[in-house]
Amino acid sequence: MVIIGGGFGGLTCAQALAKEGMKVTVLEKCAVPGGAFQSFCRHGQRLDTGFHYVGGIGEGEVLHPLVTYFGLEDLPWQPLDDEFLEVHTHGQTFRLHRGYPSFVDHLSADFPEERTALEKIVSLMTGINKHIYESILPGQNAFDNILMGVSAKTYLEANISNPVLRDLLCGQCLTTELTDKLPLYSFLQSLNSFIQGSYRLKGGGETLISRLVENVQHLGGEVIMRKTVSQFEVNDDGNICAVKCTDGTTYKADIVVSTLHPSLTIDLIPECKQIRNIYRRRIQRLESTVGMFTVQLEVQPNTIPYLNRSISIIETDNLWNAPCGKEAPVNTMLINFNVPEEGKFATNIDLLIPMSWDAVSDWEESRLGHRPEEYKAFKQQKAEECIAFALRYVPELKGNIVNYWTSTPLTYRDYTGTQHGSSYGIRKSFDNLLGTLVSPVSPLPNLYLAGQSLMLHGMLGTAMTSMLTCNIICGKNLLEK
Ligand SMILES: Cc1cc2nc3c(=O)[nH]c(=O)nc-3n(C[C@H](O)[C@H](O)[C@H](O)COP(=O)(O)OP(=O)(O)OC[C@H]3O[C@@H](n4cnc5c(N)ncnc54)[C@H](O)[C@@H]3O)c2cc1C
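Residues numbered from 1 in each chain as written. Predicted model: local features only at pLDDT ≥ 70, side-chain atom pairs only at ≥ 80, totals over all residues.

1. A word on the overall build of the protein
1) Next: If you tally the helices and strands in the protein, you get 14 helices and 20 strands.
2) Next: Summarising its shape, the C-alpha atoms of the protein cover approximately 65 × 50 × 40 Å along the three principal directions.
3) Next: Looking at the 481 residues of the protein, the share that counts as buried comes to 49%.
4) Next: Relative to all contacts within the protein whose residues are 6 or more apart in sequence, the contacts with residues 24 or more apart total 71%. (Helix = DSSP H or I, 4+ residues; strand = E, 2+ residues; numbered from the N terminus. Buried ≥ 20, exposed ≤ 12 C-beta atoms within 10 Å, placed from the backbone. Contact = placed C-beta atoms within 7 Å.)

2. Focus on the sheet that holds strand β15 (residues 291-299)
1) Next: Read from one edge to the other, the open sheet built from seven strands follows the order β8-β7-β16-β17-β18-β15-β19, with strand pairing classed as mixed. The sheet is open, and its two borders are formed by β8 (92-97) and β19 (401-407), each paired with just one other strand. Between one strand and the next, the sheet's axes are offset by a mean angle of 20 degrees, whatever the strand orientation.
2) Next: Where β15 and strand β18 (residues 348-355) come together, eight bridges link them in antiparallel fashion. (Pairing = 2+ DSSP bridges. Axes fitted to C-alpha atoms, helices over the stretch in contact; angles between N-to-C directions.)

3. A short note on unusual backbone geometry
Leaving glycine out, the prevailing phi sign among residues is negative, and the prevailing peptide bond configuration is trans.
1) Next: Phi at H90 is positive, roughly 50 degrees, even though this residue is not glycine.
2) Next: Relative to the helices and strands, H90 resides in the loop between β7 (83-89) and β8.
3) Next: For H90, a count of 15 C-beta atoms within 10 Å translates into the label partly exposed.
4) Next: Even without a glycine there, the phi angle at R226 is positive, about 55 degrees.

4. Some thoughts on the sheet that holds strand β10 (residues 222-224)
1) Next: The strand order across the open sheet built from five strands is β10-β2-β1-β14-β20, with neighbouring strands paired in parallel fashion. Edge positions in the sheet fall to β10 and β20 (447-449), since each has one partner strand and no second. Strand-to-strand, the axes of this sheet are offset by a mean angle of 20 degrees, without reference to chain direction.
2) Next: Sheet analysis places strand β1 (residues 2-4) next to strand β2 (residues 25-27), joined by three bridges and oriented parallel. Paired with I4 across the strands is L27, a residue of β2.

5. Concerning the site of the ligand
1) Next: Taken together, 40 residues lie around the ligand, and G5, G7, G9, G35 and G417 are the ones closest in.
2) Next: Among the elements of the structure, α1 (8-19), β15, α12 (409-416) and α14 (458-474) are those that each provide at least two residues to the shell around the ligand.
3) Next: Of the residues in the shell around the ligand, the class split is 17 nonpolar, 20 polar and three charged.
4) Next: Shared between two domains, the shell around the ligand holds at least three residues of each, these being domain 1 (2-41 + 64-74 + 203-286 + 438-474) and domain 3 (289-426). (Near = placed C-beta within 6 Å. Nonpolar A, V, L, I, M, F, W, Y, C, P; charged D, E, K, R; others polar. Domains from an automatic or database assignment.)

6. Thoughts on the pairing of strand β11 (residues 229-234)
1) Next: As paired strands, β11 and strand β12 (residues 240-245) are joined by five bridges and run antiparallel to one another. Paired with V234 across the bridge in β12 is I240.
2) Next: Following β11, the chain reverses through five residues before pairing antiparallel with β12; G238 in that reversal takes a positive phi of roughly 90 degrees.

7. Comments concerning helix α11 (residues 373-391)
1) Next: Helix length check: α11, at 19 residues, gives a terminal C-alpha distance of 27 Å against a target of 27 Å (1.5 Å per residue), a fit within 8%.
2) Next: For α11, every residue scored as buried is listed here: F378, K379, K382, C386, F389 and A390. The buried residues of α11 occupy an angular sector of 100 degrees when projected down its axis, which confines them to one face. Opposite the packed face of α11, turned more than 90 degrees from it, sit the exposed residues E373, K376, A377, Q380, Q381 and A388.
3) Next: Buried residues along α11 sit in contact with β15, β17 (332-337), β18 and β19. (Expected span 1.5 Å × (residues − 1). Arc of directions from axis to C-beta.)

8. Notes on the nonpolar core
1) Next: If you look at the biggest cluster of nonpolar residues, it comprises 129 residues, and the most contacted ones within it are I3, A14, L17, V216, V256, M333 and M464.
2) Next: The element best represented in this core is α14, accounting for eight residues.
3) Next: Leave out the neighbours within four places in its chain, and V256 touches V2, I4, F232, I240, V243, N446 and L447. (Core = buried A, V, L, I, M, F, W, Y, C linked by C-beta atoms within 7 Å.)

9. Focus on helix α7 (residues 184-196)
Because each turn of an α-helix spans 3.6 residues, side chains separated by three or four positions end up pointing in the same direction.
1) Next: Counted at 1.5 Å a residue, the expected span for α7 with its 13 residues is 18 Å, and the 18 Å between its end C-alpha atoms agrees.
2) Next: Extensive coverage of α7 is indicated by the burial of 13 of its 13 residues.

10. Considerations on the packing of α1 against α14
1) Next: Orientation of α1 relative to α14, taken along the N-to-C sense of each, is 40 degrees, at an axis distance of 9 Å. In terms of their interaxial angle, α1 and α14 are classed as oblique. Considering the relative orientation of α1 and α14, their crossing is right-handed. Of the residues in α14, those in contact with F8, G9, T12, C13, A16 and L17 of α1 are M459, T462, A463, T465, S466, M467, T469, C470 and I473. (Parallel < 35°, antiparallel > 145°, perpendicular 65-115°, else oblique. Left-handed = near helix turned anticlockwise from the far one by under 90°.)

11. Description of the environment of Q419
1) Next: As for its placement among the helices and strands, Q419 is situated in the loop between α12 and α13 (433-436).
2) Next: Separated by 215 residues in the primary sequence, Q419 and G204 have C-alpha atoms spaced 24 Å apart.
3) Next: Setting aside residues up to four positions removed in sequence, Q419 forms contacts with H261, S263, L264 and S288.

12. Some words on the domain arrangement of the protein
1) Next: Parsing the protein into structural domains produces domain 1 (2-41 + 64-74 + 203-286 + 438-474), domain 2 (81-196) and domain 3 (289-426).
2) Next: Computed from C-alpha atoms alone, the centre-to-centre distance between domain 1 and domain 2 is 30 Å.
3) Next: Counting residues at the interface gives 10 residues for domain 1, matched by 10 residues for domain 2.
4) Next: Of all the elements, α14 adds the most residues to the side of domain 1 that touches domain 2, at seven residues.
5) Next: In terms of residue class, the side of domain 1 that touches domain 2 is made up of eight nonpolar, two polar and no charged.

The structure is reproduced here in structure tokens:
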């Protein structure tokens, strides 16, 4: 069995299938595994691509069964403070609190007239917790939840009268694309897991990914790096018999699981009667979420105390569908302190803002290490804007930034192969679920899909998707044990 992509999706699929006795080979195009969860080193600093914080992994929380299944529960998780998120919006500062009662009580103290609405949101979230594990059983429709067909924006506007509270509830989902198409289910699933418990991980994505690679290898699987899959060999009966790579190597396969963006997977399939043009075009036309611009700061040692919560800043009246192209001002940001290897002071801090593909598309022909000066100047100017913005909320940064590195959607496209550098893959649309949801089952009998584009992004969404795909392949509920 061949699994394409050695990101979190590919490695979790590999582990689940190897546990069932299958012989798995993971093919990953980069030199290091992890995809959007890979870590890298600059100036002696370990930096993370996309691993900042995750929700719901503690005992009794929503992701815990999956974390335990994949043997990740004993990693050095760092629970964030009970006040896990500081939100700056409408000129005021608020904190989101861990645990449903605290979440409601603290917000109700500021917005007493909204207590009932907050309680209603909590009851929707507890309903989601019950649904998650039913939704990934084989034979179930993973999206068979009424909240998938409701717009998050419309719901918030209809149920919460105070615009400040509406925006502040979005603080948690700031890096999730906030468009009026976003299903309420996706919005609440993220908020829910972080309210249950928010965690960072000492050693970041590398710690998580190394454990998964070890687990796969321990179960007899292989994870092979620097293997860019370029085409499938398909039999007359539509089965993939082998997977070809750009370096000329070929891997025989009885089953193939692709965790790439579905439009990249479809490009690997040669013309064949099983893939009708209408399916091909549908997948190729699916829109993806925007990407992100990140500024990763190395700060002066022993100067800025490590902050065990994240900071979300919203300085716009136009939070939903906000432009994030080349000329868009910096007016929202997520600030994340990475867990220091030792001591109580921060070593590096990430600033994240949404950025669309058109901000960098002028340079789409350029490749890593050979970018034009114009692009470098754009990145520098954006980084300076981001730093000036962050300084207003973290004044300790002044004079204490030693170095910084930036990434744009172009960087993500070239490192993790996401279409247009999208952060979260295919954009789901509450009013076009059939058109925006992709099934793990494909028209080729032995090709299955997984990865963040199918259901939900992030550690929670990608792990759920892996379980759904593997449950279908194995014809049983792998979590049952
Ligand atoms: C800036 C940013 C911040 C984020 N922050 C968080 C966070 O704090 N918490 C959280 O839970 N989630 C976060 N996410 C989301 C999370 O990173 C993703 O949802 C998750 O990592 C997706 O995993 P995946 O396996 O589906 O895809 P990927 O990680 O993209 O894996 C796909 C893999 O396929 C490989 N590949 C591509 N083409 C080929 C080919 N032709 N042949 C072989 N291999 C190929 C790629 O190199 C990659 O390794 C963030 C994402 C971004 C971009």
